[in-house]
2 protein chains.
Amino acid sequence: MIDSQYWSHVFKLDPDKPISDEALEAICESGTDAVIIGGTYGITYEKVIDLLGRIRRYALPCVLEVSNQDAIVPGFDHYFVPLVLNATNPEWILKPHQRAIKAFGTMIPWEDVSVVGYCVLNPASAVSELTQSETNLSLDDVVAYGRLAAHMLKLPYFYLEYSGTVGEASFVQAVYQQLKKETDLHLFYGGGISNRTQAETMLNGADTVVVGNVIYEDLRQALQTVPEGKR
Amino acid sequence: MIDSQYWSHVFKLDPDKPISDEALEAICESGTDAVIIGGTYGITYEKVIDLLGRIRRYALPCVLEVSNQDAIVPGFDHYFVPLVLNATNPEWILKPHQRAIKAFGTMIPWEDVSVVGYCVLNPASAVSELTQSETNLSLDDVVAYGRLAAHMLKLPYFYLEYSGTVGEASFVQAVYQQLKKETDLHLFYGGGISNRTQAETMLNGADTVVVGNVIYEDLRQALQTVPEGKR
């Protein structure tokens, strides 16, 4: 099991992007609460198992964000299964989940699996393109997706996914305030965080901020996004 | 709250179909465990509230199957919200739920609402046509939808919907046996039950059988579908 309720910062590593041993060590010893392995394109079993093996030298929890049933590697501490709530491509709403369950049958350790309700908000992102997400959403729309996640589907997590761009802080905070008031959702924010100030700002609109791309662009800045108390 | 775990038989009344006071009395005093109000086309607020008012003279629980956000009438004992798991029309997977939640906001009494995972299996039915359900499913496919309902979405109910036709008993029973073994789902069977033998047979493949159309075609036969111990 994972203690995700205490996570305020996680790094997301993309198995499709190369990372040096030194950079990986810096990430894993940065004080971050966990590492999530995930990405949209080019995710293979080999790339995932290789990255997992390298991260396993360190003590921190490692979660696989399952994006492709051919790349589900055993041995993670937990598995996040994305459900893109605002997808409009029916092949990417419930279909991949049914297919994966059919393929793996009774072998799935359900206690290690959590479904994460995604609301994808950057129309230019790979995930939006793939799932044909309806990203032109008002505050009421996003809050309604959060309520759907919490009250109808009993999902534990809700993920505002701005992948590649930074969301408007006041909007993200308004979603957070509304949903924390009336649900037990744990809220993730992900997208575009590339320095410490942005991480601090977005943490006002999320329980956990997810930091990804900047790892590959500016490692020093990436490490600065870990809250000071944790380092 | 409703004690649906004890229900083995319910009648489903379609607000779009006229029913005499005598017939309604016979249905409500038949010994059935509950009445569900629901249908696919022609459901309006006026028709639902009229039918609810007439059923409220009797003591049995009355549940609204919500098919249309303009026809959500307060005052039911419970609300079943269908989620058609094998729909391929994205307008009918999660979209109507998000829209209704957006429209009603914080007014929804969530403790009175349950989401029912539907697997629609008759390609010629109105619900299949509307939702463009993928009905050509193997046993493994249907079981996978049940596992998706139970383990990923934490739904309490799974509904095999043959609407208008009778399912193959051995298939329905196989789904039931598999899902009862490994989930806490309460299983509904609905579709084509028009006499006592069929009701008894399908009860081997369901916790609750739902009897609908025959009410309007042959009331005497419909009443015979209520298990003898209940009458």
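Now for a quick tour of the structure. Computed from a predicted model, the values in this text were never measured in an experiment. (Residues numbered from 1 in each chain as written. Chains lettered and ligands numbered in written order. Predicted model: local features only at pLDDT ≥ 70, side-chain atom pairs only at ≥ 80, totals over all residues. Heavy atoms only, no water.)

1. Regarding the interface of chain A and chain B
- Taken together, the contact pairs 30 residues of chain A with 30 residues of chain B.
- Summed over both sides, the interface between chain A and chain B buries roughly 3000 Å², with carbon and sulfur atoms accounting for 73% of that surface.
- Our enumeration of links across chain A and chain B arrives at four salt bridges.
- For Asp141 of chain A, the salt bridge is made with Lys102 of chain B, and the minimal N-O distance between the two is 3.0 Å.
- When contributions to the side of chain A that touches chain B are tallied by element, the ones reaching two or more residues are strand 4 (78–84), helix 3 (95–104) and helix 5 (139–152) of chain A.
- A per-element tally of the side of chain A that touches chain B places helix 5 of chain A first, with eight residues.
- Looking at the side of chain A that touches chain B residue by residue, the class counts come to 15 nonpolar, seven polar and eight charged. (Contact = heavy atoms within 4.5 Å. Buried area = accessible area lost by both parts, 1.4 Å probe. Salt bridge = Lys/Arg side-chain N within 4 Å of Asp/Glu carboxyl O. Helix = DSSP H or I, 4+ residues; strand = E, 2+ residues; numbered from the N terminus. Nonpolar A, V, L, I, M, F, W, Y, C, P; charged D, E, K, R; others polar.)

2. Some words on the packing of helix 5 (residues 139–152) of chain B against helix 6 (residues 169–182) of chain B
Residues and elements named next belong to chain B.
- Look at helix 5 against helix 6: their axes get within 10 Å of each other, and the N-to-C directions meet at 35°. For the pair helix 5 and helix 6, the sense of crossing is right-handed. Contacts between helix 5 and helix 6 pair Leu139, Val142, Val143, Gly146, Arg147 and His151 from the former with Phe171, Ala174, Val175, Gln178, Leu179 and Glu182 from the latter.
- A breakdown of the residues in the contact of helix 5 with helix 6 according to their chemical character gives seven nonpolar, three polar and two charged. (Axes fitted to C-alpha atoms, helices over the stretch in contact; angles between N-to-C directions. Left-handed = near helix turned anticlockwise from the far one by under 90°.)

3. Details of helix 2 (residues 45–55) of chain B
Residue and element names in this part refer to chain B.
- Every buried residue of helix 2 is accounted for by Val48, Leu51, Leu52, Arg54 and Ile55. The buried residues of helix 2 occupy an angular sector of 165° when projected down its axis, which confines them to one face.
- The inward-facing, buried residues of helix 2 abut strand 1 (9–13), helix 1 (21–28), strand 2 (34–37) and strand 3 (62–65). (Buried < 20%, exposed > 50% of the residue type's maximum accessible area, 1.4 Å probe, protein only. Arc of directions from axis to C-beta.)

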